[in-house]
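These are the residues of each chain, in order.
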Amino acid sequence: MEDNRRIETEDHQEFEEDEGMESLNRGEIDSLFCPICFEAWTSGGEHQICCLPCGHIYGFSCINKWLKRSPNCRKCPQCKKLCKLKDVRVLYAARLCVADEELQKRVITLEAECAYLKQSHKSVYERVLEEMRNEMDEKSMELKGKFREICEEMDARHKLNEARCEALEKMFPEMPNMRGN
Ligand SMILES: [Zn+2]
Ligand SMILES: [Zn+2]
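Definitions and limits used
Think of each chain on its own: its residues are numbered from 1, step by step along the sequence as written. Lettering of chains starts at A and numbering of ligands starts at 1, both following the order in which they are written. Per-residue local features of the predicted model are confined to residues with pLDDT of at least 70, and side-chain atom pairs are confined, for both listing and counting, to 80 or more; whole-chain, interface and lining totals are unaffected and use all residues. Numbered from the N terminus, helices here are DSSP runs of H or I no shorter than four residues, and strands are runs of E no shorter than two. Burial is judged by counting the other C-beta atoms within 10 Å of a residue's own C-beta: 20 or more makes it buried, 12 or fewer makes it exposed, and any count in between marks it as partly exposed, with every C-beta position built from the backbone. In this usage, the nonpolar core is the set of buried Ala, Val, Leu, Ile, Met, Phe, Trp, Tyr and Cys residues whose C-beta atoms join them within 7 Å. Residues are scored as being in contact if the C-beta atoms we place from backbone atoms lie within 7 Å. UniProt positions are given in the numbering used here, feature names are shortened, and annotations may be inferred rather than shown by experiment. Note: the arc covers the axis-to-C-beta directions of the helix. A pair of strands is labelled paired if DSSP reports no fewer than 2 bridges between them. Axis lines are fitted through C-alpha atoms, for helices just across the contact stretch, and the angle between N-to-C directions can take any value from 0 to 180 degrees. pLDDT: the predictor's confidence for each residue, scored from 0 to 100.

When helices and strands are tallied, the protein chain shows six helices and three strands. Here the protein chain holds 181 residues, and 11% of them are scored as buried.

Now the structure itself:
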C-alpha cells in the first residue's frame, strides 16, 4: 500500500528507477501473452501491456474490464492481492524488448514456430477436408447404386405384376380389366 503513490504516476523517469521492474515475473514476460485473454499484449492501444503493484502483467483492456467487473473485490487474477484500478500501470513494451535480447530472439523463434504451426494446421485441415469429401463421394455413389437397385427391383415387380394380370385376363376374359385400362 505504501507504494501506491509512486505507482500512480505516469512519470517515465520514475519508472526506470522503480525496483518493481526487477520483481516482474520473467516467466510471464517470456510468455508474452496476457493471462486473461491469452492474446499477445501490444506496445500501444487498448491491449497495451501494463502491470499491477504485485508485478503481474496484463493487457490493459483486459485487466481494466476485470477490475471493473467486481468493484467490491478488486484483486489480481493471479495472486489475488488487492488492487485498485488506479494502481494499474501502463508499461512500455518496446523498452522491455530492447532490454532483453534473449527475449527478442525468443519472440522471433516463437513467431516462426507460430507460422509453421499455422501452416501445418492448415494442411492437416485441408487433408481432413479432402478425406471427408472423398468419403462423402463414396457414400453418395453407394446411395445412388442402392437407389438404382431399388428402382430396378420395383420395375421388375411391376413387370411381373403386368404379366400376372395379362395371364389372369386371358384365363378370365369376362373379368373387368385389372390394370385399370
Ligand atoms: Zn488480454
Ligand atoms: Zn498479482
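Alright, that's what it looks like, and here's the rest.
Of all hydrophobic cores here, the largest spans 15 residues; its most connected members are Cys50, Leu52, Ile57, Tyr58, Ile63 and Val88. Within the residue set of this core, elements represented by two or more residues are strand 1 (49-51), strand 2 (57-59) and helix 4 (60-69). Element by element, the count of residues in this core is highest for helix 4, at four residues. Those residues in contact with Val88, other than ones at most four positions away along the chain, are Cys50, Leu52, Phe60, Ile63 and Asn64.

Quick look at the UniProt feature "coiled-coil region" (unreviewed entry) in the protein chain now. Mapped onto this numbering, the UniProt entry gives "coiled-coil region" (unreviewed entry) at residues 122-149. From the first C-alpha to the last, residues 122-149 spans 40 Å; its make-up is 100% helix and 0% strand.

Turning next to helix 4. Within helix 4 the residues assigned to the buried category are Phe60, Cys62, Ile63 and Leu67. Buried residues of helix 4 fall within an arc of 165° about the axis and therefore sit on the same side. Of the residues in helix 4, the exposed ones pointing more than 90 degrees away from the buried face are Lys65, Lys68 and Arg69. Those residues of helix 4 that are buried lie in contact with strand 1, strand 2 and strand 3 (89-90).

Despite not being glycine, Phe38 shows a phi value in the positive range, around 65°. Summarising the element assignment, Phe38 is placed in the loop between helix 3 (26-31) and strand 1. Looking at Phe38, the number of C-beta atoms within 10 Å reads 10, which means it is exposed.

Strand order in this open sheet of three strands is 2-1-3, and the pairing throughout is antiparallel. Two strands lie at the open edges of the sheet, namely strand 2 and strand 3, each paired on one side alone. For strand 1 and strand 3, the ladder comprises two bridges, and the chain directions are antiparallel. When the sheet's bridge partners are listed, Cys51 is paired in strand 3 with Arg89. In the packing of helix 4 onto the sheet, the strands contacted are strand 1, strand 2 and strand 3, and the crossing angle to strand 2 comes to about 100°.

Further remarks concern the confidence of the model for the protein chain. A low pLDDT score tells you not to read the predicted coordinates there in detail. Within the protein chain, residue pLDDT values average 79, and 75% of them lie at 70 or more. Throughout residues 1-24 the model reports pLDDT below 50, and contacts reaching past four residues in sequence, or to other chains, amount to 14 contacts.

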